[in-house]
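Given next are the chains, with one letter for each unit.
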Amino acid sequence: MIQIHFTRRFREIIPLLAAALIVGCTPLYLSDTHTTSTPRPPSFNVTELAHQQVATLGLLAPASLQGFNPPLSHALNAALSEASPPFRGIAAHETLNMLNQQGLGAEYSTLIASFGRGGILEREPLQRIGSALSSRYVLLPGLAEFNQVIIDRLSIYGWNTIQSRVTTLRLWLQLWETQTGKILWESAGEVTVATKLLRSEQTVPLDEIAQKLWLRMIQDNLLDGESGSRFIFSN
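Residues numbered from 1 in each chain as written. Predicted model: local features only at pLDDT ≥ 70, side-chain atom pairs only at ≥ 80, totals over all residues. Heavy atoms only, no water.

## Topic: helix α2 (residues 69–82)
In plain terms, the rule: Numbered from the N terminus, helices here are DSSP runs of H or I no shorter than four residues, and strands are runs of E no shorter than two. Here a helix's expected span is defined as the number of its residues, less one, multiplied by 1.5 Å. For each residue, the accessible area found with a 1.4 Å probe, counting protein chains only, is set against the maximum for its type, and the residue is called buried under 20%, exposed over 50%, and partly exposed in between. Picture the helix axis, draw a direction to every C-beta atom, and the arc is the one those directions span.
With 14 residues, α2 ought to run about 20 Å at 1.5 Å a step, and its terminal C-alpha atoms sit 20 Å apart, in line with that. Those residues of α2 not exposed but buried are Asn69, Leu72, Ser73, Ala75, Leu76, Ala79 and Leu80. The buried residues of α2 occupy an angular sector of 160° when the element is viewed end-on, so they sit on one face.

## Section: the packing of aromatic side chains
Rule in force here: When the centres of two rings from Phe, Tyr and Trp lie within 6.5 Å, Trp using its six-membered ring, the rings pair. Their planes under 30 degrees apart give stacked, over 60 give edge-to-face, and anything left gives tilted.
Tallying each qualifying case throughout the model produces three aromatic pairs. On the basis of an interplanar angle of 65° and a centroid distance of 5.7 Å, the ring pair of phenylalanine 44 and tyrosine 137 is categorised as edge-to-face. Note that phenylalanine 44 is positioned in the loop between β1 (29–37) and β2 (53–56) and tyrosine 137 in strand β4 (residues 137–154), a separation of 93 residues in sequence. A relative accessible area of 9% means that phenylalanine 44 is categorised as buried.

## Comments concerning the side chain of serine 187
Quick note on the threshold: The definition of a polar contact used here is a pair of N or O atoms within 3.5 Å, where within protein one atom must be able to donate a hydrogen and the other to accept one, and adjacent residues in sequence count solely through side-chain atom pairs.
Mapped onto the secondary structure, serine 187 falls in strand β6 (residues 182–196). Polar side-chain contacts of serine 187 include one of 2.9 Å to the backbone oxygen of threonine 36. Polar contacts involving the side chain of serine 187 include one to the side chain of asparagine 221, which spans 2.9 Å.

Written out as structure tokens, the structure reads:
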């Protein structure tokens, strides 16, 4: 079960949602996004990514959030295709299939387990995996947190209750060079989405939210070299 608790971003977005309800706007969608990243090495030419085959490794997540691996991995693959220029990527499930077929499944598992202990992809096994994939670069994605709460507020007329679901998603992404074992770039992103619930069974499309956040991290932070916040308000 997902643990529900208040976060800093949740506390920040509640006054915005409340203000919108007070003025009678009752938004269907509020989104606050923030990303940050390390600078690209001066020796790294980011345009190479458009001409290289970039493999995506399996998404790393806490044990309680492993079930979100498929939709978030698919969302990352979609974001890579949507980037400008688009990546010639190998999706995570294809990466795992290729490694398993070449008898590198155990070595991949050991590499990822080692990363979990020390936060580094060891150079020699990373080299072998990169060679097996014919990829000079690999992307390592991760899920840091997913939370959601439902809040009730009175409408401006005071005779009914308006429900909104507030969702917080935190992701991170690293780019590694397989032959040198260097981490070339990493980024972390957070999005908080407040959605007005028109029906009690209405859900928030997590894959769409994740795709927008992945794309922001890739396009702005990696390809364009920017970092910052963005607030979206729509009816």
